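# Understanding the architecture of this molecule
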Amino acid sequence: MHAENSWAAFEAAVADGADAIECDVQGTRDGVLVIRHDLAVGNRPVADCVAAEIEAMEPDLVRLADLLAWAPGAKINLLVEVKDP
């Protein structure tokens, strides 16, 4: 089992033959769209953090721009759920 919304989970879905993956998207204070289910990082809302702060705590954080660039080559559809705090 892989952490949800992680590169490992997305790559495993492709390897397993999935036709689509679902991901949760949130905006950071500096306007970066990140793939993350939980609305908080520690005690702080994702919307109150800049992307670099979250990446320092979670080095495997996926940015939506990177996922959008990866998906066509992986031949997988994306179901994007916007998480609004």
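Computed from a predicted structure; not experimentally measured. (Residues numbered from 1 in each chain as written. Predicted model: local features only at pLDDT ≥ 70, side-chain atom pairs only at ≥ 80, totals over all residues. Heavy atoms only, no water.)

A word on the overall build of the chain. Each helix and strand in the chain was counted, giving three helices and six strands. Element order for the chain, N to C, with α for helix and β for strand: α-β-β-β-β-α-β-α-β. For the chain, the residues scored as buried account for 35% of the 85 residues in total. When contacts within the chain are restricted to residue pairs at least 6 apart in sequence, long-range pairs at least 24 apart make up 48% of them. (Helix = DSSP H or I, 4+ residues; strand = E, 2+ residues; numbered from the N terminus. Buried < 20%, exposed > 50% of the residue type's maximum accessible area, 1.4 Å probe, protein only. Contact = heavy atoms within 4.5 Å.)

The next point concerns helix α1 (residues 7-15). A9, F10, A12 and A13 are the residues of α1 that are buried. Buried residues in α1, looked at end-on, bunch into an arc of 165°, giving them a common side. Of the surrounding secondary structure, the elements contacted by the buried residues of α1 are β1 (20-27), β2 (33-35), β5 (62-63) and α3 (64-74). Count one or two residues on from α1 and you reach G17, which has phi positive near 90°. (Arc of directions from axis to C-beta.)

Take the nonpolar core next. Ranked by size, the top nonpolar core spans twelve residues in total: F10, A13, I21, C23, V25, I35, V62, L64, L67, A71, A74 and I76. Those elements that place two or more of their residues in this core are α1, β1 and α3. It is α3 that contributes the most residues to this core, four residues altogether. Within the second largest apolar cluster, eight residues are counted, among which are V41, V46, A51 and I54. (Core = buried A, V, L, I, M, F, W, Y, C linked by side-chain atoms within 4.5 Å.)

Another aspect to go through is the pairing of strand β6 (residues 77-82). Summarising burial for β6: zero of the six residues are buried, a small minority. Two elements, β1 and β6, share six bridges in a ladder whose sense is parallel. From the neighbouring strand, E22 faces β6, where its bridge partner is L79. (Pairing = 2+ DSSP bridges.)

Let us look at the environment of I21. Among the secondary structure elements, I21 is positioned in strand β1. By relative accessible area, which is 6% here, I21 ends up buried. Taking the C-alpha atoms as reference points, I21 and A52, 31 residues apart in sequence, are found 25 Å from one another. Look past the residues within four positions of I21 in its chain and what remains in contact with it is F10, A13, L67, W70, I76, N77, L78 and L79.

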